There are 2 protein chains.
Amino acid sequence: MKIPTIGDMLTARGRIAACCHHTPVLTSSLLNVMTGAQLYFKCENFQKAGAFKARGASNAVFGLSKDQAKKGVATHSSGNHGTCLSYAAGRRGIPCTVVMPRTAPQAKKDAVKGYGGRVVECEPSTSSREAVFADVVAETAAEFVHPYNDHRVIAGQATCAAELVEQVEGLDAVVAPIGGGGMVSGTCLTLSSLAPKVKIFAAEPEKADDAYRSFKAGHIIADDAPETVADGLKVPLKELTWHFVSRYVSDIHTASEQEIVDAMKLIWKRLKIVIEPSSAVPLATILKHPEVFAGKRIGVILTGGNVDLEKLPWS
Amino acid sequence: MKIPTIGDMLTARGRIAACCHHTPVLTSSLLNVMTGAQLYFKCENFQKAGAFKARGASNAVFGLSKDQAKKGVATHSSGNHGTCLSYAAGRRGIPCTVVMPRTAPQAKKDAVKGYGGRVVECEPSTSSREAVFADVVAETAAEFVHPYNDHRVIAGQATCAAELVEQVEGLDAVVAPIGGGGMVSGTCLTLSSLAPKVKIFAAEPEKADDAYRSFKAGHIIADDAPETVADGLKVPLKELTWHFVSRYVSDIHTASEQEIVDAMKLIWKRLKIVIEPSSAVPLATILKHPEVFAGKRIGVILTGGNVDLEKLPWS
């Protein structure tokens, strides 16, 4: 297991500068009043392909040797990682294959194809996904880029926190959503080195609280097919993300489905931006635990903005 | 009729700096590809109280003498102007009364009250509104701030284009939605003086095309109770806005209801921001008339972001 270093983050930063946005930080005086904290929202919903995962995917793709690059990249993902890997591969002009369950939303398949990637469908089961994915790699010799359990991906995600601490002085803490733990691990990587006084909190749906339970137990506990409106956060921690989470995270808070949807609407209404449900989990936990955050300067990572406008969780 | 000058705009800029945002400009490579133009979106949806009207309202409120300020301000509006006037009055700590039809959405009434203003209801007819408003002014001696036919309001709205030409070099044109014509008039005021080579286009719903028909006829034609999804654009031009529109606007284009909704969704999906339907009319007309805009650098004014998330026009 290769643990990425702060040097890897700095290399990633230079590598992805041409194909990823330096995203803005927004504030809302009303949300500050509501929480009693100073909130600084890092807007990865404005990131290329609509999610922070463009950072990690771009770092992996642009770090490949020329020979490997010719063979392309592959992954399995029905979420933002597939879209973002397709985006990054398209920017380098190399092949990308994404294995997705045939039951995945058409919009997600179209997004991968829209950036030039190829979608290969599997049945919606782990065994089918693994078999189909093995076939894809055997056929193409493509480089596997895991959605989060990959040192190149984590070094890429780590660039987000590096921007944030430059944009906002004197942060007391950063709150990020946790699913597989890629964004949280990247945040740990950067802050533990560049700003070790800044606390790191993770925010998770109650209905997919495997990271919370793992954190309390001291070892990885995987959920069994959790369901939550925050569909980016259903996946479990893996050994590399557990390395960072177990060492550097101060605490993990959870929020109910209704609290997540309420926080999402609040951000849409007050910040006038489109975020996906996963991005709302940090604010939901901040509203739920004012005693932890009040009076502090808090960075809040809004991880993405890819939602189906026809199927909003309150409609 | 007092015509505001570029000096009035500069005075407004200083006057409102403490209570209005300098709003950002966003771009989208996909929308540039779709239109063949370089589009620069001026995000007044991020403005205080969610709309550009905070500029004009703040200029009017903060320009009042101390004696007049004590008596407060009043207006009739069931839209953003009422909310923004309440916001500005709240910032100065003076009374604000907004006359609204009792049939106006509760959310609009709540928004006025949320900033500290008072709502007085009238029947949904012009005669009732005028009678109730006259009573309010007789009772309070409040200063009437018209939503757009007011030199102080236009000088305030004009600060938006002043920011835009500083933010984007070498603009060929600016496109803004037109209802009563306050934003367009402010844009004319600023550009005719500071950047006279930049063309000004207005964008209007087909179903409320009184400005278009007035422009072609050469005199003001008022619509009779038009209905459109772009509910901020139903009001007619008045003599002061006609002064600017008739002199400085290059052309007015219209868009259908469906074209407006499609453009609105496109902006939500691609820019990841929340805008109200009126704000989508410029992009709808740019997509409809590529021959006018292709190859050019175009400023697009997104006028506001106040929508009812429970009642989106595509749901």
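Not measured: the values here are computed from a predicted model.

So, on to the overall build of chain A. Counting secondary structure elements, chain A contains 14 helices and ten strands. The C-alpha radius of gyration computed for chain A amounts to 18 Å, which stays within 12% of the reference 20 Å derived for 315 residues, consistent with globular compactness. When its C-alpha atoms are laid out on the principal axes, chain A stretches across 55 × 45 × 40 Å. Within chain A, residue pairs in contact and separated by at least 24 positions form 75% of the contacts whose partners lie at least 6 positions apart.

Residue and element names in this part refer to chain A. Strands sit in the order S1-S2-S10-S7-S8-S9 across an open sheet of six strands; the sheet is mixed. Sheet topology places strand S1 (25-26) and strand S9 (251-255) at the edges, where each strand pairs with a single neighbour. In this sheet, strand S2 (residues 38-43) lies alongside S1 in antiparallel orientation, the contact comprising two bridges. Paired with Val-25 across the bridge in S2 is Lys-42. Of the strands in this sheet, strand S8 (199-205) and S9 are in contact with helix H10 (residues 210-217), which crosses S9 at around 145°.

The next point concerns helix H13 (residues 277-288) of chain A. Structural remark: α-helix, 3.6 residues per turn; residues separated by three or four positions point the same way. All names here are of chain A. Here H13 contains twelve residues, and its C-alpha end-to-end distance of 16 Å stays within 8% of the 16 Å for a straight helix at 1.5 Å per residue. Most of H13 is tucked away, with ten of its twelve residues classed as buried. For H13, the full list of buried residues reads Pro-277, Ser-278, Ser-279, Ala-280, Val-281, Pro-282, Leu-283, Ala-284, Thr-285 and Ile-286.

By a simple turn and slide, chain A fits onto chain B: the slide is 0.0 Å along the axis, the RMSD is 0.0 Å, and the turn is 180°. Interpreted geometrically, this transformation is the action of a two-fold axis. Identified as the residue of chain A closest to the rotation axis by C-alpha distance is A:Ile273, at 2.0 Å. Take the interface residues of chain A: 100% of them recur as interface residues in chain B, which is what a same-surface contact looks like.

Quick look at unusual backbone geometry now. Residue and element names in this part refer to chain B. For Ala-49, which is not a glycine, the phi torsion comes out positive at approximately 60°. Position of Ala-49 relative to the elements: it lies in the loop between strand S2 (38-43) and helix H3 (53-62). With a phi close to 60°, Ala-141 is a non-glycine residue in the positive phi region. Residue placement: Ala-141 occurs in the loop between helix H7 (126-140) and strand S6 (143-144). By C-beta crowding, Ala-141 is classed as exposed, having 12 other C-beta atoms within 10 Å.

The next subject is the nonpolar core. A:Val174, A:Val184, A:Ala202, B:Val174, B:Val184 and B:Ala202 are the most contacted members of the largest nonpolar core, which has 197 residues in total. Setting aside chain neighbours within four positions, we find A:Val174 in contact with A:Ala161, A:Leu164, A:Thr187, A:Leu191, A:Val198, A:Ile200, A:Gly299 and A:Ile301.

As a further point, take the packing of helix H1 (residues 6-16) of chain A against helix H3 (residues 53-62) of chain A. All names here are of chain A. Orientation of H1 relative to H3, taken along the N-to-C sense of each, is 90°, at an axis distance of 9 Å. Comparing the axis directions of H1 and H3 gives the class roughly perpendicular. Facing Ala-12, Arg-15 and Ile-16 of H1, the residues of H3 in contact are Arg-55, Ser-58, Asn-59 and Phe-62. Among the residues forming the contact of H1 with H3, the class breakdown is three nonpolar, two polar and two charged.

Detailed conclusions should not be drawn from predicted coordinates in areas where pLDDT is low. Per-residue confidence for chain A averages 96 on the pLDDT scale, and 100% of its residues sit at or above 70. For this predicted complex, the interface score ipTM comes out at 0.92, while the overall pTM is 0.94.

All names here are of chain A. With 13 residues, helix H5 (residues 80-92) ought to run about 18 Å at 1.5 Å a step, and its terminal C-alpha atoms sit 18 Å apart, in line with that. Along H5, eleven of the 13 residues are buried, which leaves the element largely enclosed by surrounding structure. Burial in H5 covers these residues: Asn-80, His-81, Gly-82, Thr-83, Cys-84, Leu-85, Ser-86, Tyr-87, Ala-88, Ala-89 and Arg-91. Buried-residue contacts for H5 involve H3, strand S3 (73-76), strand S4 (96-101) and helix H6 (106-114).

Residues and elements named next belong to chain A. Split into domains, chain A comes out as domain 1 (6-51 + 150-302) and domain 2 (54-144). Placing the centre of domain 1 and that of domain 2 at their C-alpha centroids yields a distance of 24 Å. Between domain 1 and domain 2, the contact holds 21 residues from the first and 16 residues from the second. Broken down by secondary-structure element, the contributors of at least two residues to the side of domain 1 that touches domain 2 are H1 and helix H8 (151-167). Broken down by element, the side of domain 1 that touches domain 2 gets its largest block of residues, eight residues, from H8. Its residues assigned to classes, the side of domain 1 that touches domain 2 comprises ten nonpolar, six polar and five charged.

For the rest of this paragraph, the subject is the sheet that holds strand S4 (residues 96-101) of chain B. All names here are of chain B. The strand order S5-S4-S3-S6 describes an open sheet built from four strands, whose pairing is parallel. With one partner strand each, in any of the chains shown, strand S5 (118-122) and S6 form the two edges of the open sheet. One ladder, built from two bridges, connects strand S3 (residues 73-76) with S6; its direction is parallel. Across the sheet, the residue bridging to Ala-74 is Phe-144, located in S6. Helix H5 (residues 80-92) rests against S3 and S4 of the sheet, and its axis sits at about 165° to S4. Across the sheet, H7 is in contact with S3, S4, S5 and S6; its angle to S4 comes to roughly 165°.

Cut-off values and rules
- Residues numbered from 1 in each chain as written.
- Chains lettered and ligands numbered in written order.
- Predicted model: local features only at pLDDT ≥ 70, side-chain atom pairs only at ≥ 80, totals over all residues.
- Helix = DSSP H or I, 4+ residues; strand = E, 2+ residues; numbered from the N terminus.
- Rg over C-alpha atoms; globule rule 2.2 N^0.38 Å.
- Contact = placed C-beta atoms within 7 Å.
- Pairing = 2+ DSSP bridges.
- Axes fitted to C-alpha atoms, helices over the stretch in contact; angles between N-to-C directions.
- Expected span 1.5 Å × (residues − 1).
- Buried ≥ 20, exposed ≤ 12 C-beta atoms within 10 Å, placed from the backbone.
- Least-squares fit on C-alpha atoms with pLDDT ≥ 70 in both.
- Core = buried A, V, L, I, M, F, W, Y, C linked by C-beta atoms within 7 Å.
- Parallel < 35°, antiparallel > 145°, perpendicular 65-115°, else oblique.
- Nonpolar A, V, L, I, M, F, W, Y, C, P; charged D, E, K, R; others polar.
- pLDDT = per-residue confidence, 0-100.
- Domains from an automatic or database assignment.

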